[in-house]
Amino acid sequence: MTKQEAKKEILELSEKINYYNNQYYQNDISAISDHEFDILLEKLIQLEQNFPEFKFEDSPSQRVGGTITKNFQTVIHRYPMLSLGNTYSKDELKDFDQRVQKGLGGEDYQYFCELKFDGVAISLTYENGILKRAVTRGDGTKGDDITNNAKTIKTIPLRINSDHVPARFEVRGEVFMPRNVFDQINKEKEEIGEPTLANPRNTASGTLKMQDSSIVASRKLNCYAYSLMGEGLSIHTHGEGIKFIEEWGFKVSPTYQLCQNLQEVNKYIDKWEQKRLELPVDTDGIVVKIDNLQQQNNLGFTAKSPRWAIAYKYQSESVSTVLNSISYQVGRTGAVTPVANLQPIFLAGTTVKRASLHNANEIKRLDIRIGDTVFVEKGGEIIPKVTGIDLSSRKANSKPLKFIDKCPECGTSLQKKEGEAAHYCPNYKECPPQIKGRIEHYIQRNAMDIDSLGYQTIKLLFDTNLIHTPADLYKLKYQDIIQLEGFKDLSTRNLLNGIKHSKQISFERVLFALGIRFVGRTVAEKLALHFKNIENIRNASFDQLIEVPEIGERIAQSVVEFFEDPENIQMINELKQAGVQLEFLEGPDQQISDCLANRTFVVSGVFENFDREELKETIKNHGGKVVSSVSGKLDYLVAGDKMGPAKLKKAKDFGIKILSEQEFMHMINDQ
Ligand code: IVH
């Protein structure tokens, strides 16, 4: 291939990829399959490797990352990134409106209202239509140059496709992690026994500062743009600026509204108070901006914030209580999670005694101290969170908390791995909660489903030296159990039966049950399907493991290490002897009927007869399709207990049929 041909092909491929990216991320249209898209991208990357002189700075190949930034350069902002004044009531907002009225000396004015996105502010500088620099807010005067990381965010244009782009301009916006992406990360973390992340905002902020941009690319960050700045832009209102950035391909949340007066602003506030909970991003209020730029200019700034804009913060149900102590829980992987023990307090229907503090970084960020009065809120999660500290009532003699350095259970010195927030107890073999945790993980419903065993019984069996590994469960005899406190004939036989039944559990679930670090349910399925049996996985090299789609280096390394341990090999041999499934069975097709064919379902809430995953499986086994979000195209919402009110409301608004668990069971049984 000649240089000219290569250049032509690179440009054509880039054009195509940009087009499909744009269709997907701006317009929600999947014009080609993921596989076809990957082929185009692969081809482009290959050509750029062979002809590096044609690797342009706005190439869509930058989206996949791969660059490592050791130190982020500090950059001074051309226009300082100020913060906004806050208001918490409509009365305070009225005061703001009166200040504006006075400041503008009787002129007419309009407000441009937007939601206040809870993410990380970013400044994006474009020169001749090309993204030159992306900088964090930092201290408002100077921030960090995170350009390579920002380039992996698909909704940030690398190049503006328009004939009339100003020579130089700056767009500001909020980088965020969509809630569903965050929930998925936490679900996987739970599955693999790691502490969960505190909230999407911190995760987005931490992700933007990662050194390896390919990890940033995998984290699916998003960006909403909310302001255009620059000289000679020929715009007269903020709204015109927003129209331009929309046209140039930035993602702007469609939730903005031009309001003629304070009454309309108040209506906007009321309209979004509940509806905002359905958005993909966390929001904590609205931002009210004077629309006219000349008027913005006339009103000017205080030292910290503009006089032409203000934030209105929604109230969230928050209570204050006292932090009595902190305890540290050790999970099955040895990860240590700090837990706040609170003076019991009633909040949103329940009494709250404890709140997770996630990790040492979160303790440091909050600077939480024993005896502090803390604010507690319930977010989307069941476990409440500590959102702040009432510094005015802090005791004079309080001291910053020092994270423990020894395992509270076995006394071993804790370790912290480079780039990880969690502290770990490395005493994998002897630390009691790790041993018991591995057995609890093994028996859980998603794994071996031994429901005749619970935490208390595992503790009893462990304390009496009857079990040390999951394989020991299969050695238990009637006589061992009947002598335990609380066990009678029936409960003993039940327990043994439950253990016996687990021998029928499929290989992929057994693999998950083994509790190999980083091997969650999906990864276990992929490995089982690829390697077919435990021996093949055991013999697979690191290189063979990473060849399996979606198996990364971290997982591969952990699998290799697991099988290097002779005690694990012994456990596997014992499981094999006991008759546990260690081979993938190409069973008959699971399809039971096609009575739900061409129908789409969302499943939400808690059910009596199924766990949620089982219900989804059942739908698929009857030919139906399961999706995760409610949209106009949905046919049914199967609603269980405790489902989110926002989802239910959305389904009702779309006129989607809502099924109870019973109605759903009729639907499949009446066929
Ligand atoms: S405009 C002078 N619009 O709020 C500041 N900011 O407290 C003008 N934010 O650092 C900012 N959503 O990170 C603006 N629609 C929105 C926003 C927004 C979130 C954040 C932004 C900024 C902080 C100001």
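Structure's up top.
The present account deals with the structure reproduced in this document. (Residues numbered from 1 in each chain as written. Predicted model: local features only at pLDDT ≥ 70, side-chain atom pairs only at ≥ 80, totals over all residues. Heavy atoms only, no water.)

Each helix and strand in the protein chain was counted, giving 24 helices and 22 strands. Taking 671 residues into account, the globule formula puts the C-alpha radius of gyration at 26 Å, and the protein chain, at 28 Å, falls close to it. Along the first, second and third principal axes, the C-alpha set of the protein chain runs to 90 × 75 × 60 Å. A buried classification covers 47% of the 671 residues belonging to the protein chain. Contacts spanning at least 24 positions in sequence make up 66% of the contacts within the protein chain whose residues lie at least 6 apart. By element, 48% of the accessible surface of the protein chain is carried by carbon and sulfur atoms, the whole surface being about 34,800 Å². Counting 86 positive and 92 negative side-chain charges, the protein chain places the centres of these two groups 4 Å from one another. (Helix = DSSP H or I, 4+ residues; strand = E, 2+ residues; numbered from the N terminus. Rg over C-alpha atoms; globule rule 2.2 N^0.38 Å. Buried < 20%, exposed > 50% of the residue type's maximum accessible area, 1.4 Å probe, protein only. Contact = heavy atoms within 4.5 Å. Areas by Shrake-Rupley, 256 points an atom, 1.4 Å probe, with all protein chains shown as cover. Lys, Arg positive; Asp, Glu negative; His and termini not counted. Charge placed at Lys NZ, Arg CZ, Asp CG, Glu CD.)

This paragraph deals with the site of the ligand. Within the structure, the ligand sits among 14 residues, and E114, F117, E174, Y226 and K289 are positioned closest to it. Between the ligand and E114, the relevant distance is 2.8 Å, taken from a nitrogen atom to a side-chain nitrogen or oxygen of the residue. In this structure, F117 approaches the ligand through a main-chain N or O atom, which is 3.1 Å from a nitrogen atom. For the ligand, the accessible surface in isolation is 520 Å², of which the surrounding protein chains cover 87%. Those elements giving two or more residues to the shell around the ligand turn out to be β3 (111-117) and β10 (283-290). Tallied by class, residues from the shell around the ligand come to 8 nonpolar, 1 polar and 5 charged. (Near = heavy atom within 4 Å. Polar contact = N/O pair within 3.5 Å; in protein donor to acceptor, adjacent residues only side chain to side chain. Nonpolar A, V, L, I, M, F, W, Y, C, P; charged D, E, K, R; others polar.)

For any two helices packed against each other, one specifies the crossing angle of their axes together with the interaxial distance. Relative orientation of the contacting elements helix α3 (residues 90-103) and helix α9 (residues 262-275) amounts to 145 degrees, with a least axis distance of 11 Å. Between α3 and α9 lies a crossing whose hand is right-handed. Of the residues in α9, those touching α3 at K90, L93, K94 and D97 are L262, V265, N266, I269 and D270. A class-by-class count of the residues in the contact of α3 with α9 yields 4 nonpolar, 1 polar and 4 charged. (Axes fitted to C-alpha atoms, helices over the stretch in contact; angles between N-to-C directions. Left-handed = near helix turned anticlockwise from the far one by under 90°.)

Taking 1.5 Å as the rise per residue, α9 with 14 residues should run 20 Å; its terminal C-alpha atoms sit 20 Å apart, in good agreement. Looking at α9, one finds that the buried residues are L262, V265, N266, Y268, I269 and W272. Down the axis of α9, the buried set is contained in an arc of 155 degrees. They therefore lie on one face. Facing away from the buried side of α9, by more than 90 degrees, are the exposed residues Q263, K267 and Q274. Buried residues in α9 make contact with α3, β3, β9 (257-259), β10 and β11 (309-313). At the N-terminal boundary of α9, the capping side chain belongs to N261, with an oxygen 3.2 Å from the backbone nitrogen of Q263. (Expected span 1.5 Å × (residues − 1). Arc of directions from axis to C-beta.)

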